[in-house]
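Observations on the three-dimensional arrangement
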Amino acid sequence: MSSVQDTVFDIIARESGIDRARVVPDATLKELEIQSLDAVQIIFEIEDHFKITMPDRDPNFDTESVGGLVDAVEKLVAEQTTDPVAKA
């Protein structure tokens, strides 16, 4: 398990008030019964923690599933570290 995945799982569990053991890559936010306002707060917390901006309705990013969310964060973090313009 990557540190990004651990951190995303922790943020999801903390912000939604659910048991961290329920947060698995195959789960969707809907299956975890995370309300839309909580989902928005989770995204804000992830963006703040990793200093990234999640895409809004981008078909190339799956932000409905926990695994998709982790993949999106990992991709954005990787782009941030390789793109000097993104750091500015």
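Residues numbered from 1 in each chain as written. Predicted model: local features only at pLDDT ≥ 70, side-chain atom pairs only at ≥ 80, totals over all residues. Heavy atoms only, no water.

With that settled, consider the pattern of salt bridges. Enumeration according to the criterion identifies 3 salt bridges in this entry. Between Asp-10 and Arg-20 there is a salt bridge, with its nearest N and O atoms 2.4 Å apart. With Asp-10 in helix H1 (residues 3–16) and Arg-20 in the loop between H1 and helix H2 (36–50), this residue pair connects regions lying 10 residues apart in the sequence. Note on Arg-20: relative accessible area 29%, which makes it partly exposed. Within the structure, one salt-bridge network assembled from shared partners comprises Asp-6, Asp-10 and Arg-20. (Salt bridge = Lys/Arg side-chain N within 4 Å of Asp/Glu carboxyl O. Helix = DSSP H or I, 4+ residues; strand = E, 2+ residues; numbered from the N terminus. Buried < 20%, exposed > 50% of the residue type's maximum accessible area, 1.4 Å probe, protein only.)

Relative to the helices and strands, Glu-47 is located in helix H2. Within the structure, Glu-47 has its side chain in polar contact with the backbone nitrogen of Met-54 (distance 2.7 Å). Setting aside residues up to four positions removed in sequence, Glu-47 forms contacts with Ile-52, Thr-53 and Met-54. (Polar contact = N/O pair within 3.5 Å; in protein donor to acceptor, adjacent residues only side chain to side chain. Contact = heavy atoms within 4.5 Å.)

Taking 1.5 Å per residue, 14 residues should reach 20 Å; H1 reaches 20 Å between its end C-alpha atoms and fits that length. If you check which residues of H1 are buried, you get Val-4, Gln-5, Thr-7, Val-8, Phe-9, Ile-11, Ile-12, Ala-13 and Ser-16. On its buried face, H1 is in contact with H2 and helix H3 (66–82). (Expected span 1.5 Å × (residues − 1).)

So, on to the confidence of the model for the protein chain. Taken over all residues, the pLDDT of the protein chain has a mean of 88, while the share at 70 or more is 86%. Least confident of the elements in the protein chain is helix H4 (residues 84–87), whose mean pLDDT is 52; most confident is H1, at 96. (pLDDT = per-residue confidence, 0-100.)

Tracing the backbone shows Ser-16 in helix H1. Using a relative accessible area of 18% as the deciding quantity, one classes Ser-16 as buried. C-alpha separation for the pair Ser-16 and Ile-34, spaced 18 residues apart in sequence, amounts to 6.3 Å. Not counting residues up to four positions away in its chain, the partners in contact with Ser-16 are Ile-34 and Ile-42. Among the polar contacts made by the side chain of Ser-16, one reaches the main-chain carbonyl oxygen of Ile-12 at a distance of 2.5 Å.

Take the packing of H2 against H3 next. Between H2 and H3, the shortest axis-to-axis distance is 11 Å and the interhelical angle comes to 25 degrees. Classified by the angle their axes make, H2 and H3 are roughly parallel. Handedness of the crossing formed by H2 with H3: right-handed. Along its contact with H2, which presents Ile-43, Ile-46 and Phe-50, the element H3 presents Leu-69, Val-73, Val-77 and Gln-80. Its residues assigned to classes, the contact of H2 with H3 shows 6 nonpolar, 1 polar and no charged. (Axes fitted to C-alpha atoms, helices over the stretch in contact; angles between N-to-C directions. Parallel < 35°, antiparallel > 145°, perpendicular 65-115°, else oblique. Left-handed = near helix turned anticlockwise from the far one by under 90°. Nonpolar A, V, L, I, M, F, W, Y, C, P; charged D, E, K, R; others polar.)

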